[in-house]
Amino acid sequence: MDTRSVRNRRELTQRAISLNPITIELTRRTREPYGGGWREQEQILPPQTFRLFISSSRGSREVVDVGGQMQFDQASLLAPHDADIRKGDTFTLDVDHAGQFMVEQVQPVRLLGEVVSLQVSVAEVS
């Protein structure tokens, strides 16, 4: 396996993130057995740095200003290969827009069988 290629792609991912970084604290809900049922708990993960991409189904990468509020048609995150992020995690975005988002999908990007980055689809939930 060519570990240099994998290392280079991971470095390129970090460079891409550093061009427009955003630090996010993810909240993860977990279920634990409790008595005869389940108990849900919330865990706030340490801050992580990603790159936020805004796009729409029309191919635009703009954030639309609607009555003083910014609205996203679609958003995704570029994450490092070792980011702690899962489907169902939530976060609040406070950059020109206060909204709650949920991770819809985490797609590993692979090179030579190794994960070099994560493409994360998110949806606004409030």
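Whatever comes next refers back to the structure up there.
What you see as residue numbers is a count from 1 along each chain, following the sequence as written. This being a predicted model, a pLDDT of at least 70 is required before a residue's local features are given, and a value of 80 or more before pairs of side-chain atoms are given or counted; all residues contribute to the totals for chains, interfaces and linings. Hydrogens and water are ignored here; the side-chain numbers use all heavy atoms of the structure.

A. How the structure looks around the packing of aromatic side chains. Each pair of aromatic rings taken from Phe, Tyr and Trp, with Trp reduced to its six-membered ring, is defined by centres within 6.5 Å and is described as stacked if the planes are under 30 degrees apart, edge-to-face if over 60, and tilted in the remaining cases. Tallied over the entire structure, the rule returns one aromatic pair. On the numbers, 5.5 Å between centres and 15° between planes, the contact of Phe 91 with Phe 101 is stacked. Taken together, the residues span a long stretch of sequence, with Phe 91 in strand β8 (residues 90-93) and Phe 101 in strand β9 (residues 99-111) at a distance of ten residues. Relative accessible area serves as the criterion here: at 2%, Phe 91 is assigned to the buried category. Taking the relative accessible area as the measure of exposure, Phe 101 reaches 2% and is therefore buried. The criterion for a charge sitting over a ring is simple: Lys NZ or Arg CZ within 6 Å of the ring centre, and within 35 degrees of the ring normal. Across the ring face of Trp 38, the terminal group of Arg 31 is positioned such that the distance to the ring centre comes to 4.4 Å. Helix and strand assignments follow DSSP, with helices taken as H or I runs no shorter than four residues and strands as E runs no shorter than two, numbered in order from the N terminus. Burial here depends on accessible area, computed with a 1.4 Å probe over protein chains only, as a share of the maximum for the residue type. Under 20% is buried, over 50% is exposed, and the range in between is partly exposed.

B. Region of the structure containing helix α1 (residues 3-19). Taking 1.5 Å per residue as the helical rise, α1 with its 17 residues ought to reach 24 Å, and the 25 Å between its terminal C-alpha atoms agrees with that figure. Listed in full, the buried residues belonging to α1 are Val 6, Thr 13 and Ile 17. Taken around the axis of α1, the buried residues stretch over an arc of 35°, which confines them to a single face. With respect to the buried face of α1, the exposed residues turned more than 90 degrees away are Arg 4, Arg 15 and Leu 19. In this scheme, a helix's expected span is set at 1.5 Å multiplied by one less than its residue total. Each C-beta atom gives one direction from the helix axis, and the arc is the one those directions make.

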